Amino acid sequence: FRCAAFALFCLLCYGFQGNSSIDNFNGTSGLLKPRVVDRDPSKLLYPLQWIHTPKTGTSFANVLYALSCGEDLKNLKWDDQILKRHSVDSATDIRGASEHCRLKWTHGEWVYDPKKVKKGFLIGKHSYRNTSIPLQSIFVSIREPVSRLISHFIYQNDLKAVVGSQEAFDIVRKSNRFDLFSRFQTLMVLPETRTNTSLLNNLTVLKHFACQTISKVAWVGLTEKFDCSVCLLHSMYEFPHHPRETFNMRPAKIYGFNESEIGRMIRKEGAIIDDILYDCAKARFERDVKRFAPHCC
């Protein structure tokens, strides 16, 4: 009994799960919040990078802008013009962002036109993870792989006149872009796999590497849990709300494909590399929601 009592005393004094003190535990809701200092965005390790794989939610840029650049927003008197200038646009830019704010974000090698200098707000431009900055500076949005794959093929107009899962599967699976598109998220979050391709051939090693990396990033958002991901970010960090943080800035065309059916067809032929990263990200996301934001989902 004494041992058990002492163990409970230590738990209360030194924190739950290793890094939260008793001051951050709400005994009524059972909600664990990061320490106040950990919720302060100014304490983040700048510059930051958002790994934004194509078709994983450009709209996340609004809430990430508010997270890092709350000083840009706090004195604004919102009207249609101000809202437009301080929301992400079709060029993945936020025109009204201050220069000070822009310097808070960085990038890795560009996915498209790697030698071309990019201008504008770099937060949402597609680039591989910058391995020279710590993982604690990385924010990641991840999408269910088959859903992202289909959306990417729709964006490329490959499925424009297609009807039915079988026809969609045939086009997707036979495309010379399938290998790239089905591992795109992995390549961007784990750029080491671009040079060390053996990692992609050993799924056990890849899973360990992916989960280890994802466990250390600042935040993981799931595209299919968009509102919940935004809510989670607010629970993890203290920052002002953006008026359009849960607004779909670039709604995609709805084609009505049965993604589950197409996914079964694809996986029957072999593994989807992005499934491994997604499983790690989903597990991390669910842990964070349970720990910090059970009210969000």
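You'll find the structure just up there.
Summarised in this report is the structure supplied together with it. Since we're looking at a predicted model, the values are computed, not measured. (Residues numbered from 1 in each chain as written. Predicted model: local features only at pLDDT ≥ 70, side-chain atom pairs only at ≥ 80, totals over all residues. Heavy atoms only, no water.)

What about the state of the cysteines?
Under the definition given, this model contains four disulfides. Paired through a disulfide, cysteine 231 and cysteine 296 show a sulfur-sulfur distance of 2.0 Å. Judged by the sign of its S-S torsion, about -70°, the cystine formed by cysteine 231 and cysteine 296 is left-handed. Of this pair, cysteine 231 sits in helix H12 (residues 226-236) while cysteine 296 sits in the segment after helix H14 (273-292); the two residues are 65 residues apart in sequence, bridging distant segments of the chain. A relative accessible area of 22% means that cysteine 231 is categorised as partly exposed. According to the relative accessible area criterion, cysteine 296 is buried, its value standing at 15%. (Disulfide = S-S within 2.5 Å. Helix = DSSP H or I, 4+ residues; strand = E, 2+ residues; numbered from the N terminus. Buried < 20%, exposed > 50% of the residue type's maximum accessible area, 1.4 Å probe, protein only.)

Things to note about the layout of surface pockets
When its volume is computed, the largest pocket comes out at roughly 1200 Å³. Around the largest pocket, the lining comprises 41 residues; the ones closest to its centre are Lys55, Arg143, Ser151, Arg250 and Ala252. Counting residues per element, the lining of the largest pocket draws most heavily on helix H6 (residues 145-155), at six residues. Classifying every residue of the lining of the largest pocket gives 14 nonpolar, 18 polar and nine charged. (1 Å grid on protein atoms, 1.4 Å probe; cavity = no way out; pocket = protein on both sides within 12 Å on 5 of 7 lines; lining within 4 Å. Points joined across faces, edges and corners; volume = space filled by probe spheres on them. Nonpolar A, V, L, I, M, F, W, Y, C, P; charged D, E, K, R; others polar.)

Considerations on the side chain of arginine 284
Tracing the chain through its elements places arginine 284 in helix H14. For arginine 284, a relative accessible area of 7% translates into the label buried. Contact partners of arginine 284, with chain neighbours within four places excluded, come to Ile214, Ser215, Lys216, Val217, Ala218, Trp219, Val220 and Met236. (Contact = heavy atoms within 4.5 Å.)

Quick notes on the sheet that holds strand S4 (residues 138-142)
Pairing is parallel in the open sheet, where three strands are placed in the order S3-S4-S5. Among the strands making up the open sheet, the edge pair consists of strand S3 (49-52) and strand S5 (219-222). Averaged over neighbouring strand pairs, the angle between their axes works out to 15° when direction is ignored. Inspection of the sheet shows S4 paired to S5 by four bridges, in the parallel sense. Bridging from a neighbouring strand, valine 140 pairs with valine 220 of S5. Across the face of the sheet, H12 comes into contact with S4 and S5 while running at roughly 160° to S5. In the packing of H14 onto the sheet, contacts are made with S4 and S5, and the angle to S5 comes to roughly 105°. (Pairing = 2+ DSSP bridges. Axes fitted to C-alpha atoms, helices over the stretch in contact; angles between N-to-C directions.)

Topic: the environment of asparagine 248
Secondary-structure assignment places asparagine 248 in the loop between H12 and helix H13 (259-269). Residue asparagine 248 is classed as partly exposed on the basis of its relative accessible area, which comes to 47%. Each C-alpha atom of the pair asparagine 248 and phenylalanine 60 lies 9.0 Å from the other, and the pair is 188 residues apart in sequence. A distance of 3.2 Å separates a polar atom in the side chain of asparagine 248 from the backbone nitrogen of arginine 250. (Polar contact = N/O pair within 3.5 Å; in protein donor to acceptor, adjacent residues only side chain to side chain.)

Section: helix H7 (residues 165-174)
Within the sequence span of H7, burial applies to Ser165, Ala168, Phe169 and Val172. For H7, the angular spread of the buried residues around the axis is 100°, confining them to a single face. (Arc of directions from axis to C-beta.)

Remarks on the nonpolar core
If you look at the biggest cluster of nonpolar residues, it comprises 81 residues, and the most contacted ones within it are Leu64, Phe139, Leu159 and Tyr237. The element contributing the most residues to this core is H14, with nine residues. With residues near it in sequence (within four places) discarded, phenylalanine 139 still touches Leu44, Leu48, Gln49, Trp50, Ile51, Leu64, Leu67, Ala218, Trp219, Leu233 and Tyr237. (Core = buried A, V, L, I, M, F, W, Y, C linked by side-chain atoms within 4.5 Å.)

Considering the pattern of salt bridges
One pass over the structure, following the stated rule, counts 13 salt bridges. Close ionic contact of lysine 104 with glutamate 71 constitutes a salt bridge, the shortest N to O distance being 3.1 Å. Taken as a pair, lysine 104 in the loop between helix H5 (99-102) and S4 and glutamate 71 in helix H3 (residues 70-73) lie far apart in primary sequence, 33 residues in all. Relative accessible area serves as the criterion here: at 13%, lysine 104 is assigned to the buried category. Notably, a salt bridge pairs arginine 267 with glutamate 144, separated by 3.0 Å at the nearest N-O pair. Linking arginine 267 in helix H13 with glutamate 144 in the loop between S4 and H6, this pair joins segments that are 123 residues apart in sequence. Using a relative accessible area of 35% as the deciding quantity, one classes arginine 267 as partly exposed. When its relative accessible area of 21% is taken as the criterion, glutamate 144 is described as partly exposed. (Salt bridge = Lys/Arg side-chain N within 4 Å of Asp/Glu carboxyl O.)

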